[in-house]
Amino acid sequence: MESDDLNPARLPPGTRIGPWCLLEQRGRGASGVVYRAVPAGQQGAEAVALKLALHPGDARFVREAELLSRLRHPAVPRLLDHGDWQPREGVSYAWLVMEWVEGPSLYAWAQVQRPSSRQVLQLLAQLARALEATHAARGLHRDVKGENIRVRSADAQPFLLDFGSGHHLGAATLTSQPFPPGTPAYRSPEAWRYVLRSSKPPAVAYAPGPADDLFALGVTAYRLVTGKYPPSAHPEEEDAWLWRPKALEHWTARVCNPRCSVELSALVSRMLSPRPEDRGSARELAEALEQAARNAGREAEVPLFTGEEPQPAGLFPLPQRVTVRRPPRMRRWPGLAAAGLGGALALSAGGLLSLSRSEEPATSRLAEGEESEDGGTVAVGDSALTALEAPERTPSVWTAIAVDLPSKPLPGQRRPDAKGRCPGKVQVAINGGCWTKLPVDVKVCDDWGGVEYRGACYQPAMTWERPATSGPAARDDSP
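Residues numbered from 1 in each chain as written. Predicted model: local features only at pLDDT ≥ 70, side-chain atom pairs only at ≥ 80, totals over all residues. Heavy atoms only, no water.

(A) Fine view of the overall build of the protein. Within the protein, the regular secondary structure consists of ten helices and 18 strands. Here the protein, with 479 residues, has 58% of them falling under the buried criterion. A separation of at least 24 residues holds for 71% of the contacts in the protein among residues at least 6 apart in sequence. Split by element, the accessible area of the protein, about 20,000 Å² in all, is 50% carbon and sulfur. (Helix = DSSP H or I, 4+ residues; strand = E, 2+ residues; numbered from the N terminus. Buried < 20%, exposed > 50% of the residue type's maximum accessible area, 1.4 Å probe, protein only. Contact = heavy atoms within 4.5 Å. Areas by Shrake-Rupley, 256 points an atom, 1.4 Å probe, with all protein chains shown as cover.)

Here it is as structure tokens:
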């Protein structure tokens, strides 16, 4: 067992990492930890974000440094330095140093600022331009979401963060999972179709493209505007039928939030198109967003939220999805036959609960403010590379388990039976709750929305209530 002065997760202030002096820890996940730091011997210097690997020889840091070194864009933090820390002979931990971004996460910013449609169009345009620069550098982000976007307090400049899941042309493939790193709730329909198209896991992992980044930006935009996730694109989910062409109009951003302008709603729907070719390129999307911001009428000046939207109850509110009443007849999707994959995908929706379409949009179930409920992924990356200047908010279930499993079951988590047993072969009882053991390496546990515990990767097994198949969907107010 490492002593604290050598453990990258618990380094004291004053520790030297290369030419940098650590000030304080600001975030931690399964693969990395983030510290505020300054140049050694310059305590009054401007602070930077130093991201240190938790596992020796983590090649993802090298890949991230290479991708960031190719990017020069005002909406992407600058890479300032990188190297390896060797606390003792034969052990080396990679580190990166980046520009510090002072400000809240995207959803926390929206909760406080209550932006208008025009402001959101302008912000999304800048993020699309950041993706344009990434794609022009022959790279992909692969984990666009609210948690990985910060809005600088000084000037409301958005920053696309956490390129730790990114990839670039020529980079080595580091995992053999069916999906690349990313967050399930933001995964594109074509990615799900590729993996679930046959009864066996694919021999070659799904290879995302620029359209996957744009779809994830669409999910981010939808949640920013409505406070909810769009329907799951996973074909095994109850609301998968909503991705059929004739059903798309039932859950547009404007349907869920009438304060959303027509222009913004249309562009969010474009990003969420089930057909990747209809999303266009990042450049085309950015141009459309910029044009809409210029030409939209007075309706685009109306704040998207009033500040009086209902807030989630309970200590650990879970994010929710918009749902629509299911028609009487629905085609059944083929079963998920990849048995080894089934457990890992059991919480592909991030343990999300359902809402009826008639329910008022809840701006900030955002209240996870830090977006730590973002699809159920606990990731460090650059998303923790900032001062946590979030407003007062209700803590999130995912924040609570980012480092250690909670000492008691989470709200909505399945409980063991009287004999202390959990259902199925992949669920185990830990601290009074049922947890699903994922068949993945602990080094990629955070990429699957899991938590490392005693050398294995786990997700909380949540209870589900299926929406009614006739009549209005039942409202579920449980946390």
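Next comes the rest of the description.
(B) Region of interest: the nonpolar core. Grouped together as the largest cluster of nonpolar side chains are 73 residues, with contacts concentrated most on Leu124, Leu217 and Leu264. If sequence neighbours within four positions are ignored, Leu217 has contacts with Leu124, Leu127, Ala128, Leu131, Val144, Met271 and Leu285. (Core = buried A, V, L, I, M, F, W, Y, C linked by side-chain atoms within 4.5 Å.)

(C) Structural view of the side chain of Asp213. Within the secondary structure, Asp213 sits in helix H5 (residues 210–226). Of the side chains bearing the opposite charge, Arg142 lies closest to the buried Asp213, which forms no salt bridge; the N-O distance is 7.3 Å. Polar contacts involving the side chain of Asp213 include one to the side chain of His135, which spans 2.9 Å. Setting aside chain neighbours within four positions, we find Asp213 in contact with Leu131, His135, Leu140, His141, Arg142 and Val144. (Lys, Arg positive; Asp, Glu negative; His and termini not counted. Salt bridge = Lys/Arg side-chain N within 4 Å of Asp/Glu carboxyl O. Polar contact = N/O pair within 3.5 Å; in protein donor to acceptor, adjacent residues only side chain to side chain.)

(D) Spotlight on unusual backbone geometry. The backbone of Arg114 shows a phi angle near 45°, a positive value even though the residue is not glycine. Unusually for a residue other than glycine, Arg138 sits at a positive phi of about 60°.

(E) Spatial organisation of the pairing of strand S2 (residues 20–28). With two bridges connecting them, strand S1 (residues 16–17) and S2 associate as antiparallel partners. Residue pairing across strands places Ile17 opposite Trp20, the latter belonging to S2. Between the antiparallel neighbours S1 and S2 lie two residues, among them Gly18 with a positive phi of about 60°. Sheet topology note: the S2/strand S3 (residues 32–39) ladder contains seven bridges and is antiparallel. Paired with Gln25 across the bridge in S3 is Tyr35. (Pairing = 2+ DSSP bridges.)

(F) Layout of the packing of aromatic side chains. Here the structure, examined in full by the defined rule, presents seven aromatic pairs. Both rings, one in Phe215 and one in Trp243, keep their centres 5.7 Å apart while their planes meet at 45°; by these two values the pair is tilted. Taken together, the residues span a long stretch of sequence, with Phe215 in helix H5 and Trp243 in the loop between H5 and helix H6 (253–256) at a distance of 28 residues. Accessibility classification places Phe215 together with Trp243 in one group, the buried group. Joined through ring pairs, the aromatic side chains of Phe215, Tyr222, Trp243 and Trp251 make up one cluster. If you follow Lys51 out to its NZ or CZ, it ends over the ring of Phe61, 5.3 Å from the centre. (Phe/Tyr/Trp six-rings, centres within 6.5 Å; stacked < 30°, edge-to-face > 60°. Lys NZ or Arg CZ within 6 Å of the ring centre and 35° of its normal.)

(G) Representation of helix H7 (residues 262–271) in the model. Buried residues of H7: Leu264, Ser265, Leu267, Val268 and Met271, and no others. The buried residues of H7 occupy an angular sector of 165° when the element is viewed end-on, so they sit on one face. Of the surrounding secondary structure, the elements contacted by the buried residues of H7 are helix H3 (117–136), H5, H6 and helix H8 (282–295). (Arc of directions from axis to C-beta.)

(H) Representation of the state of the cysteines in the model. Using the criterion set out here, one finds one disulfide in the structure. The residue that forms a disulfide with Cys422 is Cys434, at a sulfur-sulfur distance of 2.1 Å. When the S-S torsion is -95°, as for the bridge of Cys422 with Cys434, the disulfide is left-handed. Taken as a pair, Cys422 in the loop between helix H10 (397–400) and strand S15 (427–430) and Cys434 in strand S16 (residues 433–438) lie far apart in primary sequence, twelve residues in all. Like Cys434, Cys422 is buried. (Disulfide = S-S within 2.5 Å.)

(I) Examining the environment of Trp85 more closely. Looking at where Trp85 falls in the secondary structure, it is placed in strand S5 (residues 79–88). Residues Trp85 and Arg16 lie 69 residues apart in sequence; the distance between their C-alpha atoms is 9.1 Å. Residues contacting Trp85, with those up to four places away along its chain left out, are Leu6, Pro8, Leu11, Arg16, Ile17, Leu52, Val91, Ser92, Tyr93 and Trp95.

(J) Local environment of helix H4 (residues 189–196). Across the eight residues of H4, six count as buried, placing the element largely inside the fold. Among the residues of H4, Pro189, Glu190, Ala191, Trp192, Val195 and Leu196 are the ones counted as buried.

(K) Molecular detail of the pattern of salt bridges. For the structure on display, the rule yields 17 salt bridges. Note that Glu24 is salt-bridged to Arg36, the shortest N-O span being 3.1 Å. Placement of the pair is Glu24 in strand S2 and Arg36 in strand S3, with a sequence separation of twelve residues. Taking the relative accessible area as the measure of exposure, Glu24 reaches 34% and is therefore partly exposed. Each of Glu24, Arg26 and Arg36 takes part in salt bridges that share partners, so that together they form one network.

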